[in-house]
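Spelled out, the chains give:
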Amino acid sequence: MSDTIVAIASGVAPAAIGVIRMSGDDALQIVEKCLKKKGLTPRMMHHRGLCDGRGVVVDDVMVCYFKAPHSYTGEDSVEVYAHGGAVNLGRVLSVLCAAGARMAEPGEFSKRAFLNGKIDLTRAEAIMDVIHAQNELQCREAQKQLSGTVSDSVNALRKGVLDLLCKVEVEIDFEEDLDEDDTSGVSPFAIVEGDGAYLSQVIEEMIHAHERYRSEGLRVVMVGLPNAGKSSLFNRLVGHERAIVTPIAGTTTDTIEAQVVIDGEQFSFIDTAGVTETDNPIEALGVERTQQQIKTADIIVVCIDGVSPSYDALQNVRSCYEAREGESPDILLIRTKSDIEERPQVPLDSELQSFIESIQAPMIDVSSKTRDGLSALKSELCACSKRRHASGGDMALITSQRHIECLRKANEALREAVLAMQNGLPGEIIASELHNAASALEQITGAITCEDVVNEIFSHFCIGK
């Protein structure tokens, strides 16, 4: 890495300012060779004329010098802020190359930052995720990863595995001495079963969260009695006639899904069969599937017919809500058909009223016909999404398939370690599997990795990163 690289870091679209980045041992000497006035103080902006080999001023620029190791790459680095546009930036780039720099390869700046210990692989990959984010959720999670949440989570897992490995190896090395002092009758490797199983569960939760993130976003389940307006509202939310709508109650007999992005938040809307008691086996199967969807929902939209209000569906949701384990869903109450003037007011019973107050469920009047209230519903959905993601705090959401593959390898090794302990296999086999688990986790951050993996990762970066 002794040579000095240079590239346009800002892109070449017409703009007031374009940024050219240079890094390497000779970065300072090369740029000063091209400046009309020498002398650059580290980490200060300098106004200079940038000249070609004949002394002709090519552009009026601002220059900032970053002395190693206090730079993005960890090397001596220079950033030149020139007038934007492809032609002008190309001229400035040619001057710097003529003075001794070479064009950077894709991702070479970030690769040098990784090799110099400025960032780990997860942060390097997060840079590209930020650049290529297509919605608010993707950008938010990439920024979290860039700040180190994935590194911190993976390193915590790795520490747990290494702590376990250390205890196992102590048992192996001092087995006879420990056996003499141990009167509990418990296997010296029994700790693997509890702690190893716990670490495996954490990894499985991370993998599951990744699969949900990749496939659909938050699951929004539409629930209500037959003909309560669920399908009409579903169609309005997804933006086209996805579900069949008729005046006949029970038209929807199965679940229908559609993925939608609203104000940068990603959702998977699920229309369901109306909740009702029925002797029809097809309708009964539809109702059963509705119950299954309620159990896995992130947000439940309970549609109450504004013309013929009944709270049976809400009572059903309440029962599922109270029986559910793990994180509770958000619940939104929708009074449909708000465009119809004659809308009787049916009070809630005290138990349902207390339930609604306890979960702070908002009630929104919506008309699928006139679209009144639709914006309020979308705003509430986005607010729920932001709250749910914020409630995770700094919890890492794995967004990279490479990371997931490494987590699966680590999880498989942990399971093998637990199985080896349960089958009474020698401690050396348990230790070997724990070594494998730790190595798989270390591949995520790049604590250990092969050159081919590093080259593959950085080859997908744009030039200048």
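Worth saying up front: this structure is predicted, and the values here are computed from it rather than measured.

Caption draft 1: Up close: the overall build of the protein. Each helix and strand in the protein was counted, giving 16 helices and 12 strands. With 465 residues in all, the protein has 47% of them scored as buried. Taking all contacts inside the protein whose residues are at least 6 apart in sequence as the whole, residues at least 24 apart take part in 68%. Per element, the accessible surface of the protein, about 22,800 Å² overall, is 51% carbon and sulfur.

Caption draft 2: Structural context of the sheet that holds strand E6 (residues 102-103). Read across the sheet, six strands follow the order E3-E4-E5-E2-E1-E6 without closing on themselves; strand pairing throughout is mixed. Of all the strands in the sheet, the pair left with one neighbour each is strand E3 (45-51) and E6. Looking at chain direction, strand E1 (residues 5-8) and strand E2 (residues 17-23) are connected through four bridges and run antiparallel. Across the sheet, Ile-5 pairs through a bridge with Ser-23, a residue of E2. Along the sheet, helix H1 (residues 27-34) contacts E2, E3, strand E4 (57-66) and strand E5 (77-83); its crossing angle with E5, the most-contacted strand, is approximately 30°. Against the sheet, helix H2 (residues 86-98) makes contact with E1, E2, E3, E4, E5 and E6, and its axis sits at roughly 145° relative to E5, the strand it touches most.

Caption draft 3: Inspection of the sheet that holds strand E7 (residues 218-224) at higher detail. Judged by pairing direction, the sheet is mixed, and its six strands sit side by side in the order E8-E9-E7-E10-E11-E12 without closing on themselves. With partners counted over all chains shown, the strands left at the sheet margins are strand E8 (256-262) and strand E12 (363-365), one partner each. Strand-to-strand, the axes of this sheet are offset by a mean angle of 25°, without reference to chain direction. Bridge count for E7 against strand E9 (residues 265-271) is five bridges, and the pairing is parallel. The residue of E9 that forms the bridge with Val-221 is Ile-270. Contacts between helix H9 (residues 230-238) and the sheet are confined to E7, E8, E9, strand E10 (299-304) and strand E11 (330-335), with E9 contributing the most and set at about 155° to the helix.

Caption draft 4: Region of interest: the confidence of the model for the protein. Averaged over all residues, the pLDDT of the protein equals 81, while 82% of them reach at least 70. Here helix H7 (residues 175-181) is the element of the protein with the lowest mean pLDDT, 53, and E5 is the one with the highest, 96.

Caption draft 5: Molecular detail of the side chain of Ser-200. Among the secondary structure elements, Ser-200 is positioned in helix H8 (residues 191-215). For Ser-200, a relative accessible area of 7% corresponds to the buried category. Setting aside residues up to four positions removed in sequence, Ser-200 forms contacts with Asn-411, Leu-414 and Arg-415.

Caption draft 6: Region of interest: helix H15 (residues 427-445). Compared with the 27 Å implied by 1.5 Å per residue over 19 residues, the 28 Å span of H15 between its first and last C-alpha is a close match. All of the buried residues along H15 are Gly-427, Ile-430, Ala-431, Glu-433, Leu-434, Ala-437, Ala-438, Ala-440, Leu-441, Glu-442, Ile-444 and Thr-445.

Caption draft 7: Structural context of the nonpolar core. Counting residues in hydrophobic clusters, the biggest one holds 31 residues, and the most contacted among them are Val-161, Leu-407, Ile-430, Leu-434 and Leu-441. Those elements that place two or more of their residues in this core are helix H6 (149-173), H8, helix H14 (401-422) and H15. Top contributing element to this core by residue count: H14, with 10 residues.

Caption draft 8: Examining the pattern of salt bridges more closely. In this structure the tally under the stated criterion is 14 salt bridges. One salt bridge in this structure joins Glu-75 and Arg-112, with 3.0 Å as the shortest N-O distance. With a gap of 37 residues between them, Glu-75 in the loop between E4 and E5 and Arg-112 in helix H3 (residues 108-115) connect regions that are remote in the sequence. Judged on exposure class, the residue Glu-75 and its partner Arg-112 are both buried. In this structure, Arg-158 engages Glu-442 in a salt bridge whose closest nitrogen and oxygen atoms are separated by 2.7 Å. In this pair, Arg-158 sits in helix H6 while Glu-442 sits in helix H15, placing the two residues 284 residues apart along the sequence.

Caption draft 9: Representation of the pairing of E3. The buried fraction of E3 amounts to five of the seven residues, a majority that puts the element mostly inside the structure. Remark: five residues form the turn of the hairpin made by E3 and E4, two consecutive strands paired antiparallel; Gly-55 in that turn has positive phi of roughly 90°.

Caption draft 10: Region of interest: the environment of Ala-417. Assignment of secondary structure puts Ala-417 in helix H14. Its relative accessible area of 0% is what places Ala-417 among the buried residues. A C-alpha to C-alpha distance of 5.3 Å links Ala-417 and Glu-433, two positions 16 residues apart in sequence. With residues up to four places along the chain from it excluded, the contact list for Ala-417 reads Val-192, Ile-430, Glu-433 and Leu-434.

Caption draft 11: A look at the pairing of E10. By the criterion of burial, E10 is predominantly enclosed, with six of the six residues buried. By the alternation rule, side chains of E10 split into Ile-299, Val-301 and Cys-303 and Ile-300, Val-302 and Ile-304, which are all buried. Bridging between E7 and E10 involves five bridges; their strand directions are parallel. Bridged to Val-221 within E10 is Ile-300. The pairing of E10 with E11 spans six bridges and is parallel. Across the sheet, the residue bridging to Cys-303 is Ile-334, located in E11.

Scoring rules and cut-offs
Residues numbered from 1 in each chain as written. Predicted model: local features only at pLDDT ≥ 70, side-chain atom pairs only at ≥ 80, totals over all residues. Heavy atoms only, no water. Helix = DSSP H or I, 4+ residues; strand = E, 2+ residues; numbered from the N terminus. Buried < 20%, exposed > 50% of the residue type's maximum accessible area, 1.4 Å probe, protein only. Contact = heavy atoms within 4.5 Å. Areas by Shrake-Rupley, 256 points an atom, 1.4 Å probe, with all protein chains shown as cover. Pairing = 2+ DSSP bridges. Axes fitted to C-alpha atoms, helices over the stretch in contact; angles between N-to-C directions. pLDDT = per-residue confidence, 0-100. Expected span 1.5 Å × (residues − 1). Core = buried A, V, L, I, M, F, W, Y, C linked by side-chain atoms within 4.5 Å. Salt bridge = Lys/Arg side-chain N within 4 Å of Asp/Glu carboxyl O.

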